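# Notes for the structure review
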Amino acid sequence: MTLKFSSLAQLYSHEFDTVIDVRSPAEFAEDHMPGAINLPVLNDEERARVGTMYVQQSPFLARKLGAALVFRNAAGHIENRLSHHEGDWKPLVYCWRGGQRSGSFGWMLQQIGWRAEVVEGGYRSYRRMVKQYLYDDALPYRLVALDGYTGTAKTDLLAHLRTLGVQVVDLEGLANHRGSLLGEMPGGQPSQKAFESALTEALVELDETRPIVVEAESSKIGSLILPPSLWSALCSAPRIQINAPIEARTAYLVSAYDDILSDGERLRDRLSPLRFHRGHDVVDGWLDLIDAGDKRALTQALMEQHYDPAYAKSRKAQHAEVIARIVAPSLDGKGLSATAEQIVRILDQL
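Described below are features of the structure shown in this document. (Residues numbered from 1 in each chain as written. Predicted model: local features only at pLDDT ≥ 70, side-chain atom pairs only at ≥ 80, totals over all residues. Heavy atoms only, no water.)

## Quick word on the overall build of the protein chain
Stated formally: By definition, any uninterrupted DSSP run of H or I lasting at least four residues is a helix, any uninterrupted run of E lasting at least two residues is a strand, and each is numbered from the N terminus. Partly exposed residues are those whose accessible area sits between 20% and 50% of the maximum for their type, while under 20% is buried and over 50% is exposed, using a 1.4 Å probe and protein chains only. Only heavy atoms matter for contacts: two residues are in contact if any of them lie within 4.5 Å across the pair. Throughout, the Shrake-Rupley method with a 1.4 Å probe supplies accessible areas, and for residues the shown protein chains are the sole cover considered. Think of it this way: Lys and Arg go in the positive column, Asp and Glu in the negative one, and His and the chain ends go nowhere. Charge placement uses NZ in Lys and CZ in Arg. For Asp and Glu, CG and CD serve respectively.
Regarding its fold elements, the protein chain presents 17 helices and 12 strands. Oriented by its inertia axes, the alpha-carbon framework of the protein chain measures out at about 65 × 50 × 35 Å. The buried share among the 350 residues of the protein chain stands at 44%. Residue pairs in contact within the protein chain that sit at least 24 positions apart in sequence constitute 72% of those at least 6 positions apart. Accessible surface computed for the protein chain: about 17200 Å², of which carbon and sulfur atoms make up 51%. Averaging the positions of the 38 positive and the 45 negative side-chain charges in the protein chain gives two centres separated by 5 Å.

## Remarks on the pattern of salt bridges
We apply this condition: Salt bridges are defined by distance alone: a side-chain nitrogen of Lys or Arg within 4 Å of a carboxyl oxygen of Asp or Glu.
In total, this model carries 12 salt bridges according to the counting rule given. With its nearest N and O atoms 3.5 Å apart, the salt bridge here joins Arg266 to Glu184. Of the two residues, Arg266 sits in helix H13 (residues 264–271) while Glu184 sits in the loop between helix H8 (171–175) and helix H9 (192–204), which places them 82 residues apart along the sequence. Arg249 is paired through a salt bridge with Asp308; the nearest N and O atoms lie 2.6 Å apart. Taken together, the positions of Arg249 in helix H11 (residues 246–256) and Asp308 in helix H16 (residues 295–318) put the pair 59 residues apart, joining distant regions of the chain. When its relative accessible area of 4% is taken as the criterion, Arg249 is described as buried.

Shown next, in the form of structure tokens:
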């Protein structure tokens, strides 16, 4: 009844119709196996109730209560969200450690006649594989990093490269953050574990014999930390540096960051703490531009007085190998397409 996965590649290539996470909604929200749906057999309140009873009263009473709740909730899932499945449906079920929650639900599904299996070790076994992949083992890939000052449309270039058949990993997309002081995105960032799950899934499916293009990042994207194996590979990756005139970069950023540039209060909250680094006069100048509603002047000032100096300092400290420098003719769709084609020609020579 239990199924053991020996590698992430084996797990990702499973042939089950549906992956079901029966853990509580809070556990599922923090992280889950790729593509899983959440059919909790104990909700957050019920899980806490059973756990408290286990500690404060007795394991027997807790198991008795847990069993009643699990089978009651499982019956509800079968009557509702699972009622449309035919007899040949093949689900894969897991809980925290492959114990009573997934075992009970898997047993019920099997009694109906569905070809259910339970993940041996549950989510914990999956998480151990992710941790080993990102924290213990060296990444078996050849990374090439797109580098350049803020506003050189590196993230958009990744999308253009993908359409040309290049292997890319959009780290900022996975982190739901634009990788800068003003980089917050709607919806907020995933948890660290969820980010690592998405990152692992994106990497495992790639061809180790071909280069993978990523954007040069710092060790953190927003609040998320790049795992050690990826950070090590990124630090040693050769770089393709993208250059563009500051006027083009300004125009690009005014469009790309319009959400936060239109939110004066949020801008003030983000920029005011930089007084210690950039000085009161500089920050006061930014705040005056916010009050004036001059997005273009503010954006250019931020690049010249904050982002560009920070970039120059960080790159000087890293001593990264630059294998090519490309001047983007423009940062609109046509210009980025032309730049992407230049990058492809460089990659073909590696």
